[in-house]
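# Descriptive structure summary
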Amino acid sequence: MSLHSSLKVDWFQCLADGEVMPGGSSRKRAKKSVDRSLNFLDECLQLLAKNDVLKDKVVIGSIEGGDLLEERLRSARETAKRPVGGFLLDGFQGTGMTQETKLNLLTSVTAELPEEKPRLIHGVGQPGEVLDCVERGVDLFDSSFPYEVAERGCALTFDHQYEPDPETAVLDKAELCDGEKNGEEKTKNEEPEIDRSQITSYEICLKEKRFREDFRPLLPGCTCYCCRNHSRAYVHHLLTSKELLAGILLIIHNFQHYFNFFHSVRGALRDGKLHVLKEAIKRQVS
């Protein structure tokens, strides 16, 4: 709290006991995580009221409880009773719980939270997962997905248009045919040095040799700095030469494309067409 005061933050996430591993912790441990997080929150709120710098700032309360529904609901109900400005849905990142369990918990938990206060989630970044969470009432996302894609030498190229526009950048579907799709056996055999275990269907890997003489932008029609000034072949060259500029250009592109995706999400929500966007994203998943 002293650090928050020194930094003069506008909002902050309250300290919480989020070290409960889904499926790997006892009921007692899950209950303890909720009790401890509520105690932390109460202490922070008391200090907040006494601090002239922070007393008007927003505190985000954490919803804990692992994969136990009753503890998640207790955490949500008790946190909602406190004067918090929003809620962190903690512990849903990673692969610790099944997708079905995760979505069922999110649906139940968000139903207990006031609609006028934002709900934040960490570590959920793939487009399909984002839309699943949006459908269940999640408002804010904190994700390193675009950065992770850039780190493996890839560029985001998925189509996020819920109202198709011929002038909008869309990856040429012919590219993903005839054995050139990310992860196809032919490419695996030719380029064994590329780790394909994390590559998703939302991206293309610029390390692949097929891009050596591809002088198109990373995504035709994209207006980011990289796509306006450089080609796939150039980024491929930078990656094979292990130049740091490769990662910078990929991050520039990936973040703009990712932010444009969220622009489409907001537009689809406004127009009542989230299901159309979700179906468009689903069709691109291999």
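The protein appears in an unreviewed UniProt entry as tRNA-guanine(15) transglycosylase-like domain-containing protein from Staurois parvus.

With that settled, the discussion passes to the nonpolar core. One finds Val59, Leu89, Ile121, Phe141 and Phe261 to be the most contacted residues of the largest nonpolar core, which totals 47 residues. Listed in part, the 17 residues of the second largest apolar core include Cys227, Val235, Leu238 and Leu250.

On to the environment of Ile248, then. Along the polypeptide, Ile248 turns up in helix α10 (residues 244-271). According to the relative accessible area criterion, Ile248 is partly exposed, its value standing at 49%.

On to the pattern of salt bridges, then. Summed over all chains, the structure comprises 21 salt bridges. Its salt-bridge partner being Lys273, residue Glu163 comes within 2.9 Å of it at the nearest N-O pair. Taken as a pair, Glu163 in the loop between β6 (154-156) and α7 (185-190) and Lys273 in the loop between α10 and α11 (274-282) lie far apart in primary sequence, 110 residues in all. Using a relative accessible area of 30% as the deciding quantity, one classes Lys273 as partly exposed. The network of salt bridges with shared partners includes Lys31, Asp35, Glu71 and Arg74.

Okay, unusual backbone geometry next. Positive phi values are uncommon outside glycine, yet Lys8 reaches one of about 55°. Structurally, Lys8 is set in the loop between α1 (2-7) and β1 (11-13). Of note, the phi angle at Lys242 is positive, near 60°, even though the residue is not glycine. Structurally, Lys242 can be placed in the loop between α9 (232-240) and α10. Relative accessible area serves as the criterion here: at 74%, Lys242 is assigned to the exposed category.

Thresholds applied
Residues numbered from 1 in each chain as written. Predicted model: local features only at pLDDT ≥ 70, side-chain atom pairs only at ≥ 80, totals over all residues. Heavy atoms only, no water. Core = buried A, V, L, I, M, F, W, Y, C linked by side-chain atoms within 4.5 Å. Buried < 20%, exposed > 50% of the residue type's maximum accessible area, 1.4 Å probe, protein only. Helix = DSSP H or I, 4+ residues; strand = E, 2+ residues; numbered from the N terminus. Salt bridge = Lys/Arg side-chain N within 4 Å of Asp/Glu carboxyl O.

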